[in-house]
Amino acid sequence: MENLLASNIADTFLTQLQCPQCGAVYAASDLNTVCRTEGCHSTLFAHYNTTVHFDKSVLRLRPANMWRYREILPVTNPANIVTLGEGFTPIIPIVNSPNVTEGNELLIKNEAGNPTGSFKARGISMAVSKAKELGVKTIAIPTAGNAGGALSAYAARAGIKAVVYMPQLTPALFKDECRLYGADLVEVDGNISDCGKLIHDQAAEKGWFPISTLREPYRLEGKKTMGYEIAEQLNWQLPDVICYPTGGGTGLIGIWKAFDEMEQLGWIGSERPRMVAVQSESCNGIVNAIDNNSDSASFIDGGFTIANGLRVPKSYADRIIIKVLRESRGTAIAISDREMQAGVRELAINEGLFVAPEGAALWQAYKKLKASGWINYGERVVLVNTGSGYKYLENIDRHW
Ligand SMILES: *Cc1c(COP(=O)(O)O)cnc(C)c1O
Ligand SMILES: [Zn+2]
């Protein structure tokens, strides 16, 4: 009886937050942002007690959303979970393009059906739930588009105020949805880094809790569920390659973290996919870093790209992204807007999938990596289509 009660109140295995760079430890019961060690300021990672026995077969009976992994998610009291049904998105094989996929199994993890039309729902559901648990009243976010819409929706659901800073050049729909959900939207003549600076300059004074990408520990925990799902949906056999459209890199780092946790839990072995960061030619700092064998990325903003999610001049966690790519023996590749545009059309007309330009970039990256021999015959490849194409119609040339 006592056990039952306890598991209703707190069944998370969360233990603490820890800095992956300097090792500093922080209490998970406090509101935290980044590491406070002087000169460090790294992203903080949530840690869990993975030594407990946790049989993955219990998952089968659970609802088809990301909260099925609740023991290795950070919310302490389930009453604080703010959910709109995010996660457990389908993995869809490419079937009608045999001349492209010949010799490979090519799979799309399709995030388009998430609430507010992108995988941002995962990270934001988690960050809003945890912020609610820790008593936050106003959340502020700099966004290239999708994260702002997701925050607006989840904050509305939670009864929390949302403040959204978004580049003016973002398609109108991304702005309209924020206003629709009742957020305060500020349009900025600049990029997401400019939005972030404006928010962080005012946050303390205005009493906002900023949840900028990887400067808050829990959006990562939401996005890592993609890694759990890829493993579970592929019957615990990880693919050979995962291509990921990399802006801030939250999903890439999160998927990698999920694989580590699953190995600790005994759910998978030590095998890992090669991770591919796919960027826009407009913001290709990670690609340059990999090409130049550098441990960090430089700030690069080539201006407008139809893949607004990829207009991130420099990720806060560039060093961690690069480390993951190295550890996984992966790579990075940049794709042009013209190629993304063509990719959107090819997947629509051949496969019935209307992917975001970010997802189309992966399709083009796959073709290039295969042509160069980096992807081999016999390999199984997963492309993470992070969003729905519908929100981008304004960016996409409709004169096919
Ligand atoms: C935000 C976003 C990305 C980049 O996500 P990160 O995990 O921060 O790299 C990619 N695609 C879409 C559609 C996005 O909205
Ligand atoms: Zn640190």
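This text gives an overview of the structure that appears in the document.

Procedures and definitions
- Residues numbered from 1 in each chain as written.
- Chains lettered and ligands numbered in written order.
- Predicted model: local features only at pLDDT ≥ 70, side-chain atom pairs only at ≥ 80, totals over all residues.
- Heavy atoms only, no water.
- Donors = N, O, S within 2.8 Å, 3.2 Å for Na, K, Ca; no water.
- Tetrahedral: all angles 85-135°; square planar, octahedral: opposite > 155°, others 65-115°.
- Buried < 20%, exposed > 50% of the residue type's maximum accessible area, 1.4 Å probe, protein only.
- Helix = DSSP H or I, 4+ residues; strand = E, 2+ residues; numbered from the N terminus.
- Pairing = 2+ DSSP bridges.
- Right-handed = clockwise from strand over helix to strand, strands pointing away.
- Expected span 1.5 Å × (residues − 1).
- Arc of directions from axis to C-beta.
- Contact = heavy atoms within 4.5 Å.
- Near = heavy atom within 4 Å.
- Polar contact = N/O pair within 3.5 Å; in protein donor to acceptor, adjacent residues only side chain to side chain.
- Areas by Shrake-Rupley, 256 points an atom, 1.4 Å probe, with all protein chains shown as cover.
- Nonpolar A, V, L, I, M, F, W, Y, C, P; charged D, E, K, R; others polar.

## Thoughts on the coordination of the zinc ion (ligand 2)
For the zinc ion (ligand 2), every protein donor is listed as Cys19 (SG), Cys22 (SG), Cys35 (SG) and Cys40 (SG), and the spread of their distances is 2.2 to 2.4 Å. Considering all 4 donor atoms around the zinc ion (ligand 2), the spread of angles at the metal, 102 to 118°, places the coordination shape in the tetrahedral class. For the zinc ion (ligand 2), the single-chain donor residues occur in sequence as C-x2-C-x12-C-x4-C. Overall, the relative accessible area of 2% leaves Cys19 in the buried class.

## What about the pairing of strand 6 (residues 138–142)?
Counting buried positions along strand 6 gives 5 out of 5 residues, so the element sits mostly inside the fold. Residues Thr138, Ala140 and Pro142 line one face of strand 6 and the alternating positions Ile139 and Ile141 line the opposite face, and both faces are buried. Relative to strand 7 (residues 161–167), strand 6 runs parallel, the two being bridged by 5 bridges. Looking across to strand 7, one finds that Ile141 is bridged to Val164. Note on the crossover from strand 6 through helix 4 (residues 146–158) to strand 7: the handedness is right-handed. When strand 6 meets strand 9 (residues 209–210), the two strands line up parallel, connected through 2 bridges. Directly across from Ile139, in strand 9, lies its bridge partner Phe209.

## A word on helix 12 (residues 337–351)
Two residues of an α-helix separated by three or four positions point the same way, owing to the 3.6 residues in each turn. With 15 residues, helix 12 extends 20 Å from end C-alpha to end C-alpha; this agrees with the ideal 21 Å at 1.5 Å per step. Every buried residue of helix 12 is listed here: Met340, Gln341, Gly343, Val344, Leu347 and Glu351. For helix 12, the angular spread of buried residues about the axis comes to 160°, placing them on one side. Set apart from the buried face of helix 12 by more than 90 degrees, the exposed residues are Arg338 and Ile349. Residues of helix 12 that are buried make contact with strand 4 (91–93), strand 11 (274–280), strand 12 (331–335) and helix 13 (357–371). Gly352 sits one or two residues past helix 12 and shows a positive phi near 75°.

## Remarks on the site of ligand 1
Around ligand 1, the surrounding shell holds 16 residues, and the nearest of these are Lys120, Tyr244, Gly247, Gly249 and Thr386. Interatomic distance of 2.4 Å between a side-chain N/O atom of Tyr244 and an oxygen atom of ligand 1. Burial of ligand 1 by the protein amounts to 96% of the accessible area it has alone, namely 390 Å². When its residues are assigned to classes, the shell around ligand 1 shows 4 nonpolar, 9 polar and 3 charged.

From the geometry alone we can't say anything about function, so treat these as descriptive.
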